[in-house]
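Structural overview
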Amino acid sequence: MAYRVAVLAGDGIGPEVMEEALKVLDRISSKFGVDFEYREALVGGAAIDAVGDAFPEETKQVCDWADAILFGAVGGPKWESLPPEKQPERAALLPIRKRYELFANLRPALVFPALIESSPLKREILGDGGFDVLVVRELTGGIYFGQPKGIFEENGVKKGIDTLVYYDWEIERIAKVAFDAAMKREKRVASVDKANVLTSMVLWRQVVEEVAKSYPEVELRHLYVDNAAMQLIRDPHQFDVILAGNMFGDILSDEAAMLTGSIGMLPSASLGESKGLYEPVHGSAPDIAGQGIANPCAMILSAAMMLRYSFDLPEAADAVERSVEQALDEGFRTADLYRGKPGEVKVSTKQMGDVIAERI
Ligand code: IPM
Ligand code: MN
């Protein structure tokens, strides 16, 4: 039986990095004796240009068919003048997340030993080993989706509304994901809220406390989001798993990504009951698209997360992750990582993909 993969390369550097991820998966296929069946589909700006819709019907069908969705990136200046709700980011990503109830967004932010110099943090904060944080972000609820939402006009006055609502079951299921992840890591969860001001976050804190009772080995603490943003910079080592709602998780995961200094390295997984979507944290980077210089590692590591979480192939996932690390340890660097230091070899997107595939 073949594992079914929807390939949604999207815009900008999406197609270039996707090609390298598929190259690596081909290698996995032959080394591990597993089969992947791919179906490609249009998404984002590419889909708007072709059929006038960022997440068209045909793409929905391909995603319905698939066990996992490999997602490149969407968006670019070409579509920035569209109304906000029609822009590729919002009109493609949010409906896909909602359609498959991909409520659990895992965003690992770790400093690769070979890239420790790229972190903007001072060495005295970073230490010798860098840091390794997993942000678990709720992805299908909260202020992104709550109703009412919109711009309404009453008596000549306009008001814009977004609604922050969380149901207990939404908090419970994402909290479980965070605690389960912590059990496989350092067994520490930092739950982020704003319970001093927001009532929905009072409930958040209560439910997280309740879930924690089933995980006596895990150390739980609660932080307000403003403090969490500060603590992450002050000392990232204090965090293992960060649990947050949709908007706070959005913000903190970007902050954590920046602190690693190499956003071109960071993958993500968005998981639901029956499907997963895997995408690099970096966007479509239209400024460097088509030049063959993009870093394919985040896309390749996203494919590794797919092997781990959708297909339960931990050894294959390990093999991909090890090969990426090995390529870095041997000095191979795409332009974003290249610092001109002795031992570094500057490579193109394709060369980086080759080097990683060969090492599997
Ligand atoms: C992300 C992005 C999206 C989000 C945008 C593009 C809708 O920032 O995946 O983090 O806010 O979720
Ligand atoms: Mn974001």
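Residues numbered from 1 in each chain as written. Chains lettered and ligands numbered in written order. Predicted model: local features only at pLDDT ≥ 70, side-chain atom pairs only at ≥ 80, totals over all residues. Heavy atoms only, no water.

What about the overall build of the protein?
Rules: Numbering of helices and strands starts at the N terminus; helices are DSSP runs of H or I of at least 4 residues and strands are runs of E of at least 2. Restricting the calculation to C-alpha atoms gives the radius of gyration, and the globule rule supplies 2.2 Å times the number of residues raised to the power 0.38. Residue exposure (1.4 Å probe, protein chains only): buried if accessible area is under 20% of the type maximum, exposed if over 50%, otherwise partly exposed. Reported accessibility uses the Shrake-Rupley method at a 1.4 Å probe radius. Residues are deemed covered only where the shown protein chains occlude them.
Regarding its fold elements, the protein presents 12 helices and 14 strands. In summary, the protein has a C-alpha radius of gyration of 20 Å against a globular reference of 21 Å for 360 residues, a match within 12%. By its C-alpha atoms, the protein is 60 × 50 × 40 Å across when sized along the principal axes. Counting across all 360 residues of the protein, residues that qualify as buried make up 53%. When the accessible area of the protein is evaluated, it comes to approximately 16000 Å², of which 51% is carbon and sulfur surface.

What about the site of ligand 1?
What counts is decided by this rule: The near set for a molecule or strand comprises every residue that places at least one heavy atom within 4 Å of it. Polar contact criterion, stated in full: a pair of N or O atoms within 3.5 Å, where within protein one must be able to donate a hydrogen and the other to accept it, and residues adjacent in sequence count only if both atoms are side-chain atoms.
All residues adjacent to ligand 1 are Glu89, Arg97, Arg107, Arg137, Tyr144 and Asp250. At a separation of 2.9 Å, an oxygen atom of ligand 1 approaches a polar side-chain atom of Arg107. Protein chains shield 74% of the accessible area of ligand 1, which is 320 Å² for the free molecule.

Considerations on the domain arrangement of the protein
Note the threshold: What counts as a domain boundary in this text is fixed by an automatic or database domain assignment. Contacts are residue-level and defined by heavy atoms, with any inter-residue pair within 4.5 Å sufficient. Summed over both partners, the accessible surface that disappears when two parts come together, traced with a 1.4 Å probe, is what is meant by buried area. Every case where a carboxyl oxygen of Asp or Glu lies within 4 Å of a side-chain nitrogen of Lys or Arg is listed as a salt bridge.
According to the domain assignment, the protein consists of domain 1 (1-103 + 265-360) and domain 2 (120-260). Between domain 1 and domain 2, the C-alpha centre-to-centre distance is 25 Å. Facing the nine residues of domain 1 at the interface are 11 residues of domain 2. Note on domain 1 versus domain 2: buried area summed over both sides is about 1000 Å², and carbon and sulfur give 67% of it. Counting the contacts that link domain 1 with domain 2 gives one salt bridge.

Some points on the pattern of salt bridges
Once their charged atoms are close, side chains differing in charge can pair, the charge on each being opposite to the other. Within this structure, the stated rule accounts for 26 salt bridges. The residue Arg97 makes a salt bridge to Glu279 at a minimum N-O spacing of 3.9 Å. Residue Arg97 is found in helix α4 (residues 88-99), and its partner Glu279 is found in strand β12 (residues 276-280); the two are separated by 182 residues along the sequence. With respect to class, Arg97 is no different from Glu279; both count as buried. Among the ionic pairs, Glu117 bridges to Arg123, the shortest N-O distance being 3.0 Å. The exposure class assigned to Glu117 is partly exposed, which follows from its relative accessible area of 47%.

Overview of the environment of Ser29
Examined against the element boundaries, Ser29 turns out to sit in helix α1 (residues 14-32). Taking the C-alpha atoms as reference points, Ser29 and Ala316, 287 residues apart in sequence, are found 9.2 Å from one another.

Regarding the sheet that holds strand β8 (residues 188-193)
The criterion, for reference: By definition, two strands form a pair when at least two bridges between them are found by DSSP. Between the N-to-C directions of two axes lies an angle of 0 to 180 degrees, each axis being a line fitted to C-alpha atoms and, for a helix, fitted only over the stretch in contact.
Pairing is mixed across the open sheet formed by 10 strands, whose spatial order is β2-β1-β3-β12-β11-β4-β5-β10-β8-β9. Looking at strand neighbours, the two that pair on one side only are β2 (35-40) and β9 (219-224), the edges of this open sheet. Averaged over all neighbouring strand pairs, the angle between strand axes comes to 25°, with direction disregarded. Packed onto the sheet, helix α3 (residues 57-65) meets β1 (2-10), β2 and β3 (68-73) and runs at close to 150° relative to β1.

Here's the deal with the nonpolar core
Keep this limit in mind: We call a set of buried Ala, Val, Leu, Ile, Met, Phe, Trp, Tyr and Cys residues a nonpolar core when their side-chain atoms join them within 4.5 Å.
If you look at the biggest cluster of nonpolar residues, it comprises 97 residues, and the most contacted ones within it are Phe36, Leu70, Phe179, Leu243, Met265, Leu307 and Phe311. Here the element with the most residues in this core is helix α10 (residues 297-309); it accounts for nine residues. Viewed by domain, this core spans two of them, domain 1 (1-103 + 265-360) and domain 2 (120-260), each represented by three or more residues. Apart from residues lying up to four places away in sequence, Leu243 is in contact with Val136, Ile174, Ala175, Ala178, Val189, Ala190, Ser191, Val192, Trp204 and Val208. With 22 residues, the next largest nonpolar core counts Ile48, Ile69, Phe71 and Tyr100 among its residues.

Overview of the environment of Gly142
Checked against the element boundaries, Gly142 lands in the loop between β5 (132-138) and β6 (146-154). Placed 29 residues apart in sequence, Gly142 and Ile171 show a C-alpha to C-alpha distance of 9.8 Å. Among all residues touching Gly142, those that are not within four sequence positions of it are Thr163, Leu164, Val165 and Tyr166.

Observations concerning the side chain of Asn295
Looking at the secondary structure, you find Asn295 in the loop between β12 and α10. On the accessibility criterion, Asn295 (4% relative accessible area) is buried. At 3.2 Å, the side chain of Asn295 forms a polar contact with the backbone oxygen of Gly264. There is a polar contact of 3.1 Å between the side chain of Asn295 and the side chain of Asp336. If near-sequence neighbours (up to four positions away) are discounted, Asn295 is found in contact with Val17, Gly264, Met265, His282, Thr334, Asp336 and Leu337.

Some thoughts on the packing of aromatic side chains
Pairs of aromatic rings are described using the distance from one ring centre to the other and the angle between the two planes. We count it as follows: The rule is short: rings of Phe, Tyr and Trp, with Trp giving its six-membered ring, pair when the centres are within 6.5 Å, and they are stacked under 30 degrees, edge-to-face over 60, tilted in between.
Scanning the model with the defined rule gives seven aromatic pairs in all. Ring geometry for Tyr167 against Trp169: centres 5.9 Å apart, planes inclined by 20°, an arrangement best described as stacked. Classification of Tyr167 by relative accessible area gives partly exposed; the value is 47%. Relative to Tyr215, the ring of Phe179 has its centre 5.0 Å away and its plane inclined at 25°; by these criteria the two rings are stacked. Of the two residues, Phe179 is situated in helix α6 (residues 168-183) and Tyr215 in the loop between α7 (199-212) and β9; the sequence distance between them amounts to 36 residues.

Things to note about the packing of α1 against helix α12 (residues 349-358)
Quick note on the threshold: Under this scheme an angle from 65 to 115 degrees is roughly perpendicular, one under 35 degrees roughly parallel, and one over 145 degrees roughly antiparallel; angles in between are oblique. Take the far helix as your reference; a near helix turned counterclockwise from it by less than a right angle gives a left-handed crossing, and one turned clockwise gives a right-handed crossing.
It is at 9 Å that the axes of α1 and α12 come closest, and there the two elements cross at 15°. One way to sum up the angle between α1 and α12 is to call them roughly parallel. As for how α1 packs across α12, the hand of that crossing is right-handed. Residue-level contacts link Glu16, Glu19, Glu20, Lys23, Val24 and Arg27 of α1 to Thr349, Lys350, Gly353, Asp354, Ile356, Ala357 and Glu358 of α12.

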